[in-house]
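Take a look at the letters that make up each chain.
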Amino acid sequence: MKKSRIVVPAATLAGICVIGTSLTGFAALDAEEVNAADAVAAIQGVVPESLSGLAAVSRDSDTAAAATVEGGRVEVPVDPADGLSLGDSVQIGLPFAQQASDATDSQLPGVVAFDNKNGSTTVPLIKADGAVQINTVIDNASAPKRYDYPIDVPDGASLTQDANGTVAIVEADGSPLRVFGEAWAKDANGDALPTHYEVRGNTLTQVVDFTEHNAFPVVADPTTTGVYSYNCVNPNGSSYFMKPNENMTNCKGSYLQKYINGRMVQSLSLVYRGGANVKVTWKSGCILTLGSVGAGLVFSPPTGGLAWFVTGAIAAAGISQSCKGF
């Protein structure tokens, strides 16, 4: 018989001071504080890596947690009906916001929880690298299986889903503002559960297909990141944003422009052999990092439908990013 992992509720330890082997005090928690502590304990037990790399946050009367990270300022509201703010352009509504509790502090500084009053809890996490992870902790098989995230997007932008299930907020010119990582859900044993995204209009829904036979609590999560995208500018002045997961070497233009959240942060001149200002690093047939000039690093122009390629000395340091778009 398969054993279930036991997740010890953090609320059972909250407020206890241990000296040697004696318990010297206990601070009573209200129901929402217990729920917040237990939800974070569930995340710690099922996916502890989710609680690493958190951003340092601030707060005020209307904002439960806020941080300025790569890609802009992220704000978690006190009132769940206000939704999460991602920079100046994107607002993400929270599931069951009309019935959920206000943000309640957990045992981790800066981490709050919203009790959805239906056997589920929403725990948003702001990561220092700019990712925003919206955890859902599902207590039992009577909880909902569908979690809706209505998204306010800028004029002209839309929520899209490709054939592989990747969901992105995309501006009219094809520049992605935010991308949602692959849907995932795990039970208390750490086993993956069937889950997927659905997109209807500007609402993203995560569906979690648990049953009464799964080990609870279950943790599920849509994670959204501030993404880099790449615009290829052709010699005639026309341009196009490269597709998700497309090799950037497919760009045969004069410039390769790097964007984050729809804002251009770098424009790289693609020059012919002998040029001295090409800023790319190369490995295994793909551009990995748009970085500093390497000694003797030059581009050769594409011929016969082939992509650009790089010759010359290449420093290995700093190679860390994917060679493809978002």
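I will try to describe carefully the structure that is included in this document. (Residues numbered from 1 in each chain as written. Predicted model: local features only at pLDDT ≥ 70, side-chain atom pairs only at ≥ 80, totals over all residues. Heavy atoms only, no water.)

### Re the packing of aromatic side chains
Under the definition given, this model contains 2 aromatic pairs. Ring centres of Phe-96 and Tyr-147 lie 5.7 Å apart, and the angle between their planes is 90°; this geometry places the pair in the edge-to-face category. Of this pair, Phe-96 sits in the loop between β6 (90-92) and β7 (104-105) while Tyr-147 sits in strand β11 (residues 146-152), and the two are 51 residues apart along the sequence. Judged by centre distance (5.7 Å) and plane angle (85°), the rings of Phe-210 and Phe-216 are edge-to-face. (Phe/Tyr/Trp six-rings, centres within 6.5 Å; stacked < 30°, edge-to-face > 60°. Helix = DSSP H or I, 4+ residues; strand = E, 2+ residues; numbered from the N terminus.)

### Observations regarding the pairing of strand β8 (residues 112-115)
The side-chain alternation of β8 yields two buried faces, one formed by Val-112 and Phe-114 and the other by Ala-113 and Asp-115. Looking at chain direction, β7 and β8 are connected through 2 bridges and run antiparallel. From the neighbouring strand, Thr-104 faces β8, where its bridge partner is Ala-113. In this antiparallel pair of consecutive strands, β7 and β8, the connection spans 6 residues, and Gly-110 shows a positive phi of 85°. Two strands pair when backbone bridges link them, and β8 and strand β9 (residues 120-126) are joined in this way by 2 bridges, in the antiparallel orientation. Within β9, the residue paired with Asp-115 across the bridge is Thr-121. (Buried < 20%, exposed > 50% of the residue type's maximum accessible area, 1.4 Å probe, protein only. Pairing = 2+ DSSP bridges.)

### Some words on the side chain of Asp-221
Structurally, the position occupied by Asp-221 is in strand β18 (residues 218-221). Here Asp-221 occupies a buried position and makes no salt bridge, while the nearest side chain of opposite charge, Lys-127, is found at 7.7 Å. A polar contact is formed between the side chain of Asp-221 and the side chain of Gln-133, at a distance of 3.4 Å. Leave out the neighbours within four places in its chain, and Asp-221 touches Gln-133, Ile-134, Asn-135, Trp-184, Tyr-197 and Gln-206. (Lys, Arg positive; Asp, Glu negative; His and termini not counted. Salt bridge = Lys/Arg side-chain N within 4 Å of Asp/Glu carboxyl O. Polar contact = N/O pair within 3.5 Å; in protein donor to acceptor, adjacent residues only side chain to side chain. Contact = heavy atoms within 4.5 Å.)

### A closer look at unusual backbone geometry
With an omega dihedral of 10°, the bond running from Phe-216 to Pro-217 counts as a cis peptide bond. On the secondary structure map, Pro-217 appears in the loop between β17 (203-208) and β18. Residues other than glycine seldom take positive phi values, yet Phe-96 does so here, at roughly 55°. By relative accessible area, Phe-96 is classed as partly exposed at 28%.

### Looking at helix α1 (residues 31-46)
With 16 residues, α1 ought to run about 22 Å at 1.5 Å a step, and its terminal C-alpha atoms sit 22 Å apart, in line with that. Residues of α1 that are buried sit in contact with β7, β8, β9, β10 (132-138), β15 (184-186) and β18. Sitting at the head of α1, Asp-30 places a side-chain oxygen 3.2 Å from the backbone nitrogen of Glu-32. (Expected span 1.5 Å × (residues − 1).)

### Digging into the side chain of Gln-133
In this structure, Gln-133 sits in strand β10. On the basis of relative accessible area, Gln-133 is assigned to the buried category, the value being 7%. A polar side-chain atom of Gln-133 sits 3.5 Å from a polar atom in the side chain of Lys-127. For Gln-133, the contacting residues outside a window of four places in its chain are Ser-50, Val-123, Pro-124, Leu-125, Lys-127, Trp-184, Asp-221, Pro-222 and Thr-223.

### A few points about a negative patch on the surface
On the surface, Asp-60, Asp-62, Asp-79, Asp-82 and Asp-102 cluster together into a negatively charged patch. Structurally, Asp-60 can be placed in the loop between α1 and β3 (63-69). (Patch = residues over 30% accessible without salt bridge, like charges linked within 9 Å, V, L, I, M, F, W, Y side chains within 5 Å. Areas by Shrake-Rupley, 256 points an atom, 1.4 Å probe, with all protein chains shown as cover. Charge placed at Lys NZ, Arg CZ, Asp CG, Glu CD.)

Keep in mind these numbers describe shape, not what the thing actually does.
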